[in-house]
Amino acid sequence: MAICLRRAFSYRSIYLLHCRHLSHIIHYPNLTDAASQNPSSSFTRDFLRESRRSFAKGRKSKDSDAGNTVEVVPDIGPTVKQNATLQMDAAVVALSRELSKLRTGRASAGMLDHIIVETGGVKMPLSRIAVVSVLDPKTLSVTPYDPDSLKQLENAIVTSPLGLNPKTDGQRLVAVIPPLTKEHIQAMCKVVAKSCEDVKQSVRRARQKALDMIKKAGLPKDDAKKLEKEVDELTKKFIKSAEDMCKAKEKEIAEG
């Protein structure tokens, strides 16, 4: 509607100017230039030419303004690094939890944490219903919060894959850690090596997710390269942490 009104006013302006020009020719009949011989076509042609020029200049100015618009890319660096760190750290924490379940020849308070005890029809981790302490490098003490659950604790420890055979000592259990056989040591070391490789794969997957996020963000080349380098440094850090953890566990197993 607005376009139609503008066009109508433009045509009206042309008509009024044209009439005014004709009136001027009538009052001054002696004008002899070329425009006075054909006033209608000459005037209209000049007016439209100037109008087109003005429109073209205006459109070019708008196009130029649009071309100068700068798109601001959000800074996703902190988010990318935070997400990658959380995922990599979770993988290393899971590795630590798995390694603590492996029995070595040395007593450790955390080696019973993964055992599930059923008491009163409810299954709970052993660490929630008893206190585990180290009496000496080869002996563990397990004291339940409820003395009535002592028998259930004993059954859970005996049926676990740790190969322990605890004895009742008043209101607590005493478990002697037997020495590892050569075959057991080799088997445990293989489990550690596989666990280490699994966690490194998890860390690398977190790295790839971070790189994909950087690529989709459309960052400037220099900023993207810098962020990718920071993600790689995080990857190396967590992989080294996993390797050091596994080496320490293998040494602990080998020493028996």
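Cut-off values and rules
- Residues numbered from 1 in each chain as written.
- Predicted model: local features only at pLDDT ≥ 70, side-chain atom pairs only at ≥ 80, totals over all residues.
- Heavy atoms only, no water.
- Helix = DSSP H or I, 4+ residues; strand = E, 2+ residues; numbered from the N terminus.
- Expected span 1.5 Å × (residues − 1).
- Buried < 20%, exposed > 50% of the residue type's maximum accessible area, 1.4 Å probe, protein only.
- Contact = heavy atoms within 4.5 Å.
- Axes fitted to C-alpha atoms, helices over the stretch in contact; angles between N-to-C directions.
- Parallel < 35°, antiparallel > 145°, perpendicular 65-115°, else oblique.
- Nonpolar A, V, L, I, M, F, W, Y, C, P; charged D, E, K, R; others polar.
- pLDDT = per-residue confidence, 0-100.

K.L.:
Pulling in residues and values, what's your account of helix α7 (residues 182-217)?
P.N.:
The end-to-end C-alpha distance of α7 is 53 Å, a good match for the 52 Å that 36 residues give at a rise of 1.5 Å each. For α7, the complete set of buried residues consists of Ile185, Met188, Val192, Ser195, Cys196, Val199, Lys200, Val203, Ala206, Ala210, Leu211 and Ile214. Buried-residue contacts for α7 involve α4 (77-100) and α8 (221-255). After α7 finishes, the residue glycine 218 shows a positive phi value of roughly 70 degrees.

K.L.:
How would you summarise the packing of α7 against α8 if you had to cite specific residues and measurements?
P.N.:
The geometry of α7 relative to α8 is characterised by a closest axis approach of 10 Å and an angle of 170 degrees between their N-to-C directions. One way to sum up the angle between α7 and α8 is to call them roughly antiparallel. Classifying every residue of the contact of α7 with α8 gives 20 nonpolar, 1 polar and 8 charged.

K.L.:
A description of the confidence of the model for the chain should follow, citing residues and the corresponding values.
P.N.:
With 71% of its residues at a pLDDT of 70 or more, the chain has an overall mean of 78. Within the chain, the lowest mean pLDDT, 45, falls on helix α2 (residues 34-37), and the highest, 94, falls on strand β4 (residues 139-144). Taken together, the stretch residues 21-40 has pLDDT below 50 and engages in 11 contacts with residues farther than four places along the chain or on a different chain.

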